[in-house]
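A structural walkthrough
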2 protein chains.
Amino acid sequence: MNIILLSGGSGKRLWPLSNDVRSKQFIKLFHDENGHYESMLQRVYHQIQKADPKANIVIATSKSQVSSIHNQLDMDVSISIEPCRRDTFPAILLSTLYLTDVLGVSPQEPVVVCPVDPLVGDTYFTTMQTLAEQAGKPESHLVLMGIEPSYPSEKYGYIIPNSNDVISSVKTFKEKPDRASAENYLNQGALWNAGVFAYRPEYILALAHELLDFVDYYDLFDRYETLEKISFDYAVVEKEPVIQVVRYPGEWKDVGTWNTLTEAMDETIIGEAIISDDCENVHVINELGVPIVAMGLKNVVLAASPEGILVSDKDQSDKIKPYVENLNQNIRFADKSWGSFQVLAVDEDSMTIRLTIKPGHSLSYHSHVHRDEVWTILSGEGTTVVDDMEQLVHGGDVIAMQAGCRHTIQAITEVTLIEIQRGEEISVYDKEKYKLKRALSPKTGQ
Amino acid sequence: MNIILLSGGSGKRLWPLSNDVRSKQFIKLFHDENGHYESMLQRVYHQIQKADPKANIVIATSKSQVSSIHNQLDMDVSISIEPCRRDTFPAILLSTLYLTDVLGVSPQEPVVVCPVDPLVGDTYFTTMQTLAEQAGKPESHLVLMGIEPSYPSEKYGYIIPNSNDVISSVKTFKEKPDRASAENYLNQGALWNAGVFAYRPEYILALAHELLDFVDYYDLFDRYETLEKISFDYAVVEKEPVIQVVRYPGEWKDVGTWNTLTEAMDETIIGEAIISDDCENVHVINELGVPIVAMGLKNVVLAASPEGILVSDKDQSDKIKPYVENLNQNIRFADKSWGSFQVLAVDEDSMTIRLTIKPGHSLSYHSHVHRDEVWTILSGEGTTVVDDMEQLVHGGDVIAMQAGCRHTIQAITEVTLIEIQRGEEISVYDKEKYKLKRALSPKTGQ
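A brief structural summary. (Residues numbered from 1 in each chain as written. Chains lettered and ligands numbered in written order. Predicted model: local features only at pLDDT ≥ 70, side-chain atom pairs only at ≥ 80, totals over all residues. Heavy atoms only, no water.)

1. Structural notes on the overall build of chain A
We apply this condition: Numbering of helices and strands runs from the N terminus; a helix is a DSSP stretch of H or I covering at least four residues, while a strand is a stretch of E covering at least two. Atoms counted for the radius of gyration: C-alpha only. Globule rule: 2.2 Å times residue count to the power 0.38. Remark: exposure states derive from per-residue accessible area (1.4 Å probe, protein chains only) relative to the maximum for the residue type, with buried under 20%, exposed over 50%, and partly exposed in between. Charge counting follows a simple rule: Lys and Arg are positive, Asp and Glu are negative, and His as well as the terminal groups are ignored. We put the charge of a Lys on NZ, of an Arg on CZ, of an Asp on CG and of a Glu on CD.
Each helix and strand in chain A was counted, giving ten helices and 30 strands. Expected size for 446 residues packed as a compact globule is a radius of gyration near 22 Å; at 24 Å, chain A falls within 12% of this value. Taken across its 446 residues, chain A has 55% of its residues classed as buried. Of the side-chain charges in chain A, 40 are positive and 64 negative, and the distance between the mean point of each set is 1 Å.

2. Looking at the sheet that holds strand E17 (residues 292-295) of chain B
To keep things clear, this is the line we draw: Strand pairing is assigned whenever DSSP identifies at least 2 bridges connecting the two strands.
Across the sheet, six strands lie side by side as E14(A)-E16(A)-E18(A)-E19(A)-E17(B)-E15(B); this open sheet has mixed pairing. Edge strands, defined here as strands with exactly one partner in the open sheet, are strand E14 (269-270) of chain A together with strand E15 (273-275) of chain B. Here E15 of chain B pairs with E17 of chain B via three bridges, running parallel. Within E17 of chain B, the residue paired with Ile-275 of chain B across the bridge is Ala-294 of chain B.

3. A closer look at the relation of the copies chain A and chain B
Rule in force here: Only residues with pLDDT of at least 70 in both copies count here: their C-alpha atoms drive the least-squares fit that superposes the copies. Residues count as neighbours in contact if any of their non-hydrogen atoms are within 4.5 Å of one another.
With an RMSD of 0.1 Å, the fit of chain A onto chain B corresponds to turning through 180° and sliding 0.0 Å along the axis. Each copy turns onto its partner about a two-fold axis. For chain A, the smallest separation between a C-alpha atom and the rotation axis is recorded for Leu-344 of chain A, amounting to 2.9 Å. Mapped onto chain B, 100% of the interface residues of chain A again fall at the interface, so both copies present the same surface.

4. Observations regarding the pairing of strand E21 (residues 339-347) of chain A
Residue and element names in this part refer to chain A. Here strand E20 (residues 333-336) runs beside E21; their pairing, made up of four bridges, is antiparallel. Within E21, the position partnered with Phe-333 by the bridge is Gln-342. The antiparallel hairpin formed by E20 and E21 contains two residues in its connecting segment. Bridging between E21 and strand E22 (residues 350-357) involves eight bridges; their strand directions are antiparallel. Paired with Phe-341 across the two strands is Leu-355, which belongs to E22. Linkage of E21 to E22, two consecutive antiparallel strands, is achieved through a turn of two residues, within which Asp-349 is found at a positive phi near 60°.

5. Overview of the sheet that holds strand E19 (residues 308-313) of chain B
Spatial strand order, E15(A)-E17(A)-E19(B)-E18(B)-E16(B)-E14(B): six strands in an open sheet with mixed pairing. The open sheet is flanked by strand E15 (273-275) of chain A together with strand E14 (269-270) of chain B, the only strands paired with a single partner. Bridging between strand E18 (residues 298-305) of chain B and E19 of chain B involves six bridges; their strand directions are antiparallel. Following the sheet pairing, Ser-305 of chain B is matched in E19 of chain B by Gly-308 of chain B.

6. Regarding a nonpolar patch on the surface
Worth spelling out the cut-off: Put simply, a patch holds well-exposed residues, over 30% relative accessible area, that have no salt bridge, with like charges counted together within 9 Å and Val, Leu, Ile, Met, Phe, Trp or Tyr side chains within 5 Å. In this description, accessible areas are obtained by the Shrake-Rupley approach with a 1.4 Å probe, and a residue is regarded as covered only by the protein chains that are shown. A pairing counts as a salt bridge when a side-chain nitrogen of Lys or Arg comes within 4 Å of a carboxyl oxygen of Asp or Glu.
A grouping of Val-102, Leu-103 and Tyr-218 of chain A is seen on the molecular surface, where their side chains present a nonpolar patch of about 240 Å² in accessible area. Tracing the backbone shows Val-102 of chain A in helix H3 (residues 88-102).

7. With respect to the interface of chain A and chain B
We count it as follows: Here the buried area means the combined drop in accessible surface, using a 1.4 Å probe, for two parts upon being joined, counting both sides. Just so you know the grouping, Ala, Val, Leu, Ile, Met, Phe, Trp, Tyr, Cys and Pro go in nonpolar, Asp, Glu, Lys and Arg go in charged, and all remaining residues, Gly too, go in polar.
With 52 residues of chain A in contact, the opposing surface of chain B contributes 52 residues. When the two sides are added together, the surface that chain A and chain B hide from each other amounts to roughly 4,000 Å², 69% of it contributed by carbon and sulfur. Its largest share of buried area at the contact with chain B, chain A owes to Met-295, Ile-309 and Tyr-323 of chain A, together 18% of the area lost on that side. Across the chain A-chain B interface, the total number found is two salt bridges. Of all elements in the fold, only strand E17 (292-295), strand E18 (298-305), strand E19 (308-313), helix H10 (321-325), E21, E22, strand E24 (372-379) and strand E29 (415-422) of chain A reach the threshold of two or more residues within the side of chain A that touches chain B. The element best represented in the side of chain A that touches chain B is E19 of chain A, accounting for six residues. Grouping the constituent residues of the side of chain A that touches chain B by class yields 30 nonpolar, 13 polar and nine charged. Judged from the four bridges that link them, E19 of chain A and E17 of chain B form a sheet pairing that is parallel. Paired with Val-311 of chain A across the bridge in E17 of chain B is Ala-294 of chain B.

8. A closer look at a negative patch on the surface
A cluster of like negative charges, contributed by Glu-348, Asp-349, Glu-424 and Glu-425 of chain A, occupies part of the molecular surface. Assignment of secondary structure puts Glu-348 of chain A in the loop between E21 and E22.

9. What about helix H6 (residues 201-211) of chain A?
In an α-helix there are 3.6 residues to a turn, and that puts residues three or four apart on one side. Along H6 of chain A, the positions that sit buried rather than exposed are Pro-201, Tyr-203, Ile-204, Leu-205, Leu-207 and Ala-208 of chain A. Elements in contact with the buried residues of H6 of chain A: H3, strand E6 (111-115), strand E8 (142-147), strand E11 (191-199) and helix H8 (232-235) of chain A.

No statement about biological role is implied by the geometric values presented.
The following block contains the structure:
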């Protein structure tokens, strides 16, 4: 199979565990087969690899998520980066071209596009293969997946098929309805539109050349910013008379709000917490290093991260957006390709941060105009470069760097360090990057 | 007036804002006249000073609270330190002797003993003066305050007086009753026993000499550990036929649980928090540097400190003890006589702490056997002494100290610094103190 995984939408619906740089698909909330926590991204990626070990998987995403994706998956995962937001059609087109022009997939081979964030059973990927087979037939244009609904939801769009067969042509689409309409659709055998669809690249490319002026992947990438915003619905679905739908009868959970997410959790507590016996239907997800005690609560979710603390009635948790929208936008933690960081303290004209750098990885070689920095190595071994001077460092070493000084560290074994930033204008934008004069050898430890 | 303020009982009923070193009377939850937050200790201390600017006030407490008391009140406040716990009679005796033998109060002058933690109106101190006047009469022995009850509480002991006069002799005492008995007592005109009482030192000293072998304050202090544990009730109240009670009809709030404490708060939010419009009777006290968002909750208290996070139904909040008893006992923050500290991060074999040192104050001159330390000064100016070498330091300076090295810092202006401790056995007990060879001059800045 050729698969485009859409890893979009940073956002705050799952604040404080999701923020402007960590989208919900990166939160580690689910057990993998070995009992370790994994994220939605890791889960769906591994499910695809299990269903089809030879699958070509491209992750379509924005620049801000690349570091998190590399942190959670192999470094050699294929990522199609949107240079900027241009709505769904250019994004899907770009990833499709990545498959054909970068990975060498034939324009006649089917491609399946799916979002990265639903929780699904393994049969979902069998249905996906049926989509691909169907889309691979020369007479097919667009093939959708339709989820068999478990209740008349007002949250999803509906696909009304012409028959109840596993594969059927589509009669019509319906936007998110009210409850009465949803019940009515269900009586007509309607399916939920989960945003999974398949096509052959040649089909999309033909449509694209009518709308846009481009030669290939590299050309489209270069002129991406100049493109019009066009939705996939407008460019493809609304114009296409021949659409088919494949039914999926298995497990499918949308985990877009704290309420639906906690329903899907394997246990009631993740992290350090005590829930009193008289609590009912209480879930705690605690990424802080201090305990949470919950007493006498019913139907409540508690989520805590270095970003903040949410305590919400589960049924109200989907109304979070306006409350967190205007909170301080400073990012207090993030997983990066090289490791992770957490802000420990913000004082006047200073900030204290803990960095963890994975073996063999390094920060960029960079300097700041407006702040001095002090690194104290807590543990691990690494190589620092400070104004082109290389030095082996380990736990206990202190490196003081004035503003303007170029610096980096490469971890040999995993390095944890405390970085203290001091200056009147501390900002993530105060960073100039350089090339190292001599590449550090990747002396990864055991 | 001569007043003994009992500042006892560290404890966890108000966890996470109270812990083994910070008792509830040190939490700053109430507005003073200038709109600043003040603690129960500060509030009652200032109320006494307002009622009687010449009052001799002695705070009776244990060693562990002395630093917090100095942090919140003047450095020259009188403190009678119990060397160890020996129940209420030896403790009250020791403070009484502190008044007579250290502060020179006459044994014929009345003394009023009162706990530090109820929230009361200013007329409480007028009633206290009536207690003192009454106790000052040669025919008086023991005079109690009786709070006019607002409901038949099961939480308090009762005093049943012989009349409804402002001053009456006591008929009998009743322990915490069940609801029906409490209603019955109220019909008999009973009063709550709030633990406020007055006597002349000569009266207590006579009783004490019958029970214990001691000469004066200094002698009692020295042999304190060898004393028997004796309660004030057993030694005094139960044997005394002539007890009087003075009625207090004004405001009196016991703030011993989160439920009663939040009732007494002036506002619903202290610290950074957002409470959604559909919340009812929700209080947030947030001492963490990150926001709390509360949505769709009813009758809930949220309290957060570097120690942990409590989310509790208010009516259940008095059941907290068993849940927090077995939590990690490491103290993560405290106010000290010299300033304050907060643990920012605990890693394997290291700990990162932020210290704030008040102008003119200094840490003890000390060393550690099992850990190295690095100080990075964030702001302020001070003098460090490291292995007898004095040095002026300011924001940005880094001081690295190996295990064994003696060190201290004295703040000239307020100093904030990050201390990184590294070692395999980090413990508060790993500390040896020294005398400075040359006293640092108290160069307090502006």
